[in-house]
Amino acid sequence: MTGPVSYWVVIPAAGIGSRMRADRPKQYLPLGDRTLIEQTLDCFLCQPGLNGLVVCLAADDPWWPELACAQDSRIVRADGGQERADSVLAGLQALLARGAGMADWVLVHDAARPNLTQEDLYKLLATLADDPVGGLLAVPVRDTLKCADAQGRVASTPDRSRYWQAYTPQMFRLGALRDALTQALGAGAVVTDEASAMEYVGLAPRLVEGRSDNIKVTRPEDLQWLSRHSKPH
Ligand code: CTP
Ligand code: MG
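Only a predicted model underlies this, so the values are computations on that prediction, with no experimental measurement involved.

A.B. asks: Where do I start with the overall build of the protein chain in this structure?
C.D. replies: The number of helices and strands found in the protein chain is six helices and eleven strands. Against the compact-globule benchmark of 17 Å for 233 residues, the protein chain has a radius of gyration of 18 Å, which places it among compact chains. Here the protein chain holds 233 residues, and 47% of them are scored as buried. By element, 49% of the accessible surface of the protein chain is carried by carbon and sulfur atoms, the whole surface being about 11700 Å².

A.B. asks: What's the story with the environment of Val217 in this structure? I'm lost.
C.D. replies: Checked against the element boundaries, Val217 lands in the loop between strand 11 (206–209) and helix 6 (220–228). Along the chain, Val217 and Gln118 lie 99 residues apart, while their C-alpha atoms are 19 Å from each other. In this view, Val217 contacts Met20, Lys26, Leu36, Ala112, Pro114, Asp222, Leu223 and Leu226; residues no more than four positions away in its chain are not counted.

A.B. asks: How should the site of ligand 1 be read in this particular structure?
C.D. replies: Close to ligand 1 lie 19 residues, the nearest being Gly17, Ser18, Lys26, Ser87 and Lys216. At a separation of 2.7 Å, an oxygen atom of ligand 1 approaches a polar backbone atom of Gly17. In this structure, an oxygen atom belonging to ligand 1 sits 2.8 Å away from a side-chain N or O atom of Arg19. The pocket occupied by ligand 1, as judged from atoms lying within 2 Å of grid points, is the largest pocket. Residue classes in the shell around ligand 1 are distributed as six nonpolar, seven polar and six charged.

A.B. asks: Sorry, what's going on with the pairing of strand 7 (residues 134–140) here?
C.D. replies: Among the seven residues that make up strand 7, six are buried, leaving the element largely enclosed by the rest of the structure. Of the strand pairs in this sheet, strand 7 and strand 10 (residues 164–173) are connected by six bridges, and their pairing is antiparallel. Each bridged residue has a counterpart across the sheet, and for Gly134 the counterpart in strand 10 is Phe172. As defined by bridge partners, strand 7 adjoins strand 11 across four bridges and the pair is classed as parallel. Each bridged residue has a counterpart across the sheet, and for Leu137 the counterpart in strand 11 is Val208.

A.B. asks: Honestly, the pattern of salt bridges in this entry has me stumped. Any pointers?
C.D. replies: Two side chains bearing opposite charge may form a pair once their charged atoms approach each other closely. For the coordinates displayed, the defined rule picks out nine salt bridges. Put simply, Arg24 and Asp23 hold a salt bridge, and the shortest N to O gap is 3.0 Å. Looking at Arg24, the relative accessible area reads 30%, which means it is partly exposed. By relative accessible area, which is 59% here, Asp23 ends up exposed.

A.B. asks: Would you mind showing me how to read helix 2 (residues 84–97) here?
C.D. replies: Given 3.6 residues per turn, any residue in an α-helix points the same way as the ones three and four places further on. Spanning 14 residues, helix 2 covers 20 Å between terminal C-alpha atoms, matching the ideal 20 Å at 1.5 Å per step. At the C-terminal side of helix 2, Gly99 shows a positive phi close to 100 degrees.

A.B. asks: Looking at this structure, I do not really get the sheet that holds strand 10. What am I missing?
C.D. replies: Sheet strands line up and pair through hydrogen bonds in the backbone, either parallel or antiparallel. Spatially, 5-4-1-6-10-7-11 is the arrangement adopted by the seven strands of the open sheet, whose pairing is mixed. The two strands at the open ends of the sheet, each matched to only one other strand, are strand 5 (75–79) and strand 11. Here the strands of the sheet are splayed against their neighbours by 30 degrees on average, with no regard to which way each runs. Examined bridge by bridge, strand 1 (residues 7–13) and strand 6 (residues 105–108) share four bridges and lie parallel to one another. Directly across from Trp8, in strand 6, lies its bridge partner Val106.

A.B. asks: Honestly, the layout of surface pockets in this entry has me stumped. Any pointers?
C.D. replies: Taken as a whole, the largest pocket spans an internal volume of roughly 790 Å³. Taken together, 31 residues form the lining of the largest pocket, with Arg19, Arg84, Asp110, Thr192 and Lys216 sitting closest to its centre. For the lining of the largest pocket, the secondary-structure elements that each account for two or more residues are strand 1, helix 2 and strand 10. Considering each element in turn, the lining of the largest pocket owes the most residues, four residues, to strand 10. Of the residues contributing to the lining of the largest pocket, the split by class is twelve nonpolar, eleven polar and eight charged.

A.B. asks: Which parts of the structure should I look at to understand the environment of Ala187?
C.D. replies: Within the secondary structure, Ala187 is located in the loop between helix 4 (174–186) and helix 5 (194–200). Separated by 13 residues in the primary sequence, Ala187 and Tyr200 place their C-alpha atoms 9.9 Å from one another.

Definitions and cut-offs
- Residues numbered from 1 in each chain as written.
- Chains lettered and ligands numbered in written order.
- Predicted model: local features only at pLDDT ≥ 70, side-chain atom pairs only at ≥ 80, totals over all residues.
- Heavy atoms only, no water.
- Helix = DSSP H or I, 4+ residues; strand = E, 2+ residues; numbered from the N terminus.
- Rg over C-alpha atoms; globule rule 2.2 N^0.38 Å.
- Buried < 20%, exposed > 50% of the residue type's maximum accessible area, 1.4 Å probe, protein only.
- Areas by Shrake-Rupley, 256 points an atom, 1.4 Å probe, with all protein chains shown as cover.
- Contact = heavy atoms within 4.5 Å.
- Near = heavy atom within 4 Å.
- Polar contact = N/O pair within 3.5 Å; in protein donor to acceptor, adjacent residues only side chain to side chain.
- 1 Å grid on protein atoms, 1.4 Å probe; cavity = no way out; pocket = protein on both sides within 12 Å on 5 of 7 lines; lining within 4 Å.
- Sits in = over half its atoms within 2 Å of the grid points.
- Nonpolar A, V, L, I, M, F, W, Y, C, P; charged D, E, K, R; others polar.
- Pairing = 2+ DSSP bridges.
- Salt bridge = Lys/Arg side-chain N within 4 Å of Asp/Glu carboxyl O.
- Expected span 1.5 Å × (residues − 1).
- Axes fitted to C-alpha atoms, helices over the stretch in contact; angles between N-to-C directions.
- Points joined across faces, edges and corners; volume = space filled by probe spheres on them.

Laid out in structure tokens, this is it:
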């Protein structure tokens, strides 16, 4: 790889954080001296090669304009959609409107995943720079896995050595990701991450091993855990 890989970023942040049961969407809860979403954005804003970044927000989001980063000229706002995949698709359209090319790399990263390190971001960019498909940060599962039957009893124990947890960022070419998401959503497929849309159209994203502490804040104990563990630099 010669020089930094140039890339765009989409941050889906239009969710309501129902499982956090807080008084506002989780991305606006405090973590350290700022909000969770500000901590998340930092990692990208510091990395060379960033062309621009779009945050996908609920249309009536009153919290975003209050943040200092809302004034950052590298960040644009797009309206999110019903599901995460709809928000990401809206983000990709916003990038195209901003002059991004179909063959440009796009990294999609959850607003609620503030513990991404510069090292993992660099590893993802460097590993996939020449990849024909793209891929994602992921972590091999550690615990023994159980497959349940309808009664909540163990039906089987799959071979865990082949299973990974899918993290973000997920990195794909803009046009290919837009087409895959459009096709998968149009067919009513379950699309919980960008890789599953790429898989839907027959492609095999590459798994890039990342740090296991790049967690997504989902439940209250996740935020408590993060506030006790400062981000490694
Ligand atoms: N997200 C989004 N648009 C949606 C739903 C989710 O942009 N329609 C975003 C969330 O804001 C979050 C990321 O996708 O940054 C991951 O989703 P998740 O952890 O499920 O967040 P929420 O949907 O907000 O939480 P919950 O499912 O508990 O309501
Ligand atoms: Mg959700």
